[in-house]
Amino acid sequence: MTPEPTDAPTGTHGFFATAGRNLETLLAEELRGLGLESARETRAGVRFTGSVADAYRALLWSRVASRILLPLAEFDAPDADALYAAVREIDWSRHIAPGRTLSVHLDAVRSGIDNGHFGALRVKDAIVDQFREQGLERPDVDIRRPDVGLRCQLFRDHATLSLDLAGDPLHRRGWRVQEVAAPIKENLAAAVLLRAGWPEVAAAGGTLLDPLCGAGTWPTEAALLAADIAPGLLRAELGVHWGCTGWAGHDAAAWDALLT
């Protein structure tokens, strides 16, 4: 079955922001507050439409999202051969430049493919074979810091293949100079603070008390909220990887405009 492109016309795309369980409503509210009026909650995240620049704004400013995905295609994949054939139908020159690196993560539920690692290999093989067929330098696999990260969700033999614009998960803000074990992720801490009305409390002159401060997650997220500082602003400066920057469709001008 030929993959069904998910891109909408005139530079508008459909995006999917992933979120932790029970955070979908809060994330949809947050994204609408960032000007993404189309944001609608669904299972495990929020769907929204917009330009690449809109997705970049969500990447930089969302405190609740885990990742921002750009769905590339949806198709039926009852077995590994069907998965391979469908992935080969996608024009990968639009997304991966020759010689770049990639990684593929595949989750399969109630599907004929029940081994995520094997499924990911078939996706990778299809992409590499297309590059070879066109006489182009094939992309290599880099599971730690790929130029392009792909995520495939396979549910009841139906696949959604997406490009991961986040790279490292968005809870990695970049403000930790040294990684430490923390009892709560930054985006979950921010979600609790938002639900508790902390921005309004801070604006009214209120204070935050964290009597069990250890890794500093709560006060730091509270400070970023109170000062209205984008949570992703420090990621690149401290070596956290952005997935969008290695994408062949990356809009560098739009990205730089957000960072300045």
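Residues numbered from 1 in each chain as written. Predicted model: local features only at pLDDT ≥ 70, side-chain atom pairs only at ≥ 80, totals over all residues. Heavy atoms only, no water.

### With respect to the layout of surface pockets
It is the rolling of a water-molecule-sized probe over the atoms that shows where space remains empty. Roughly 620 Å³ of internal volume is contained in the largest pocket. Every residue lining the largest pocket is counted, 22 residues in all, and those nearest its centre are Phe-16, Arg-43, Ala-44, Arg-47 and Gln-153. Here the lining of the largest pocket takes 5 residues from strand E8 (residues 148–155), the largest share from any one element. Looking at side-chain class alone, the lining of the largest pocket contains 9 nonpolar, 8 polar and 5 charged residues. Of the volumes computed, that of the second largest pocket is approximately 420 Å³. (1 Å grid on protein atoms, 1.4 Å probe; cavity = no way out; pocket = protein on both sides within 12 Å on 5 of 7 lines; lining within 4 Å. Points joined across faces, edges and corners; volume = space filled by probe spheres on them. Helix = DSSP H or I, 4+ residues; strand = E, 2+ residues; numbered from the N terminus. Nonpolar A, V, L, I, M, F, W, Y, C, P; charged D, E, K, R; others polar.)

### Looking at the pairing of strand E5 (residues 67–76)
Across the 10 residues that make up E5, a large majority, 8, are buried. Alignment of strand E2 (residues 13–18) against E5, held across 3 bridges, turns out to be antiparallel. Looking at the pairing, Ala-17 lines up with Ile-68 of E5. (Buried < 20%, exposed > 50% of the residue type's maximum accessible area, 1.4 Å probe, protein only. Pairing = 2+ DSSP bridges.)

### Overview of empty space enclosed by the protein
By the definition in use, this model includes 1 cavity of 30 Å³ or more. Size it by volume and the largest cavity reaches roughly 40 Å³. Lining the largest cavity are Leu-59, Leu-60, Ser-62, Leu-170, Arg-172, Arg-173, Pro-231, Gly-232, Arg-235 and Trp-242. A class-by-class count of the residues in the lining of the largest cavity yields 5 nonpolar, 2 polar and 3 charged.

### Quick word on the packing of aromatic side chains
This model, assessed by the stated rule, comprises 3 aromatic pairs. With a centroid separation of 5.2 Å and an interplanar angle of 75°, the aromatic rings of Tyr-56 and Trp-255 are classed as edge-to-face. Here Tyr-56 is found in helix H2 (residues 52–61), whereas its partner Trp-255 is found in helix H8 (residues 252–259), with 199 residues between them in sequence. Per residue, the accessibility class of Tyr-56 equals that of Trp-255, and both read buried. On the basis of an interplanar angle of 75° and a centroid distance of 4.9 Å, the ring pair of Trp-242 and Trp-255 is categorised as edge-to-face. Of this pair, Trp-242 sits in the loop between helix H7 (217–226) and H8 while Trp-255 sits in helix H8, placing them 13 residues apart in sequence. In this pair, the class of Trp-242 matches that of Trp-255, namely buried. Put simply, the rings of Tyr-56, Trp-242 and Trp-255 touch in pairs and so form one group of aromatic residues. The side chain of Arg-43 reaches across the aromatic face of Phe-155, ending 5.8 Å from its centre. Across the ring face of Trp-242, the terminal group of Arg-235 is positioned such that the distance to the ring centre comes to 4.0 Å. (Phe/Tyr/Trp six-rings, centres within 6.5 Å; stacked < 30°, edge-to-face > 60°. Lys NZ or Arg CZ within 6 Å of the ring centre and 35° of its normal.)

### Some details on the side chain of Arg-63
Tracing the sequence through the fold places Arg-63 in the loop between H2 and E5. Lacking a salt bridge, the buried Arg-63 has Asp-228 as its closest oppositely charged neighbour, with an N-O distance of 4.2 Å. (Lys, Arg positive; Asp, Glu negative; His and termini not counted. Salt bridge = Lys/Arg side-chain N within 4 Å of Asp/Glu carboxyl O.)

### Points about H7
Turning to H7, its buried residues are Thr-217, Glu-221, Ala-222, Leu-224 and Leu-225. All buried residues of H7 lie within an arc of 160° about the axis, which places them on one face of the element. As for H7, its buried residues are in contact with helix H5 (186–195) and helix H6 (198–203). At the C-terminal side of H7, Asp-228 shows a positive phi close to 55°. (Arc of directions from axis to C-beta. Contact = heavy atoms within 4.5 Å.)

### A few points about H2
For H2, a buried count of 7 out of 10 residues is recorded, marking the element as mostly surrounded by other parts of the structure. Burial in H2 covers these residues: Val-52, Asp-54, Ala-55, Tyr-56, Ala-58, Leu-59 and Leu-60. The secondary structure elements touched by the buried residues of H2 are E2, helix H1 (24–33), strand E4 (45–50), E5 and H8.

By themselves, these figures tell us nothing about what the structure is for.
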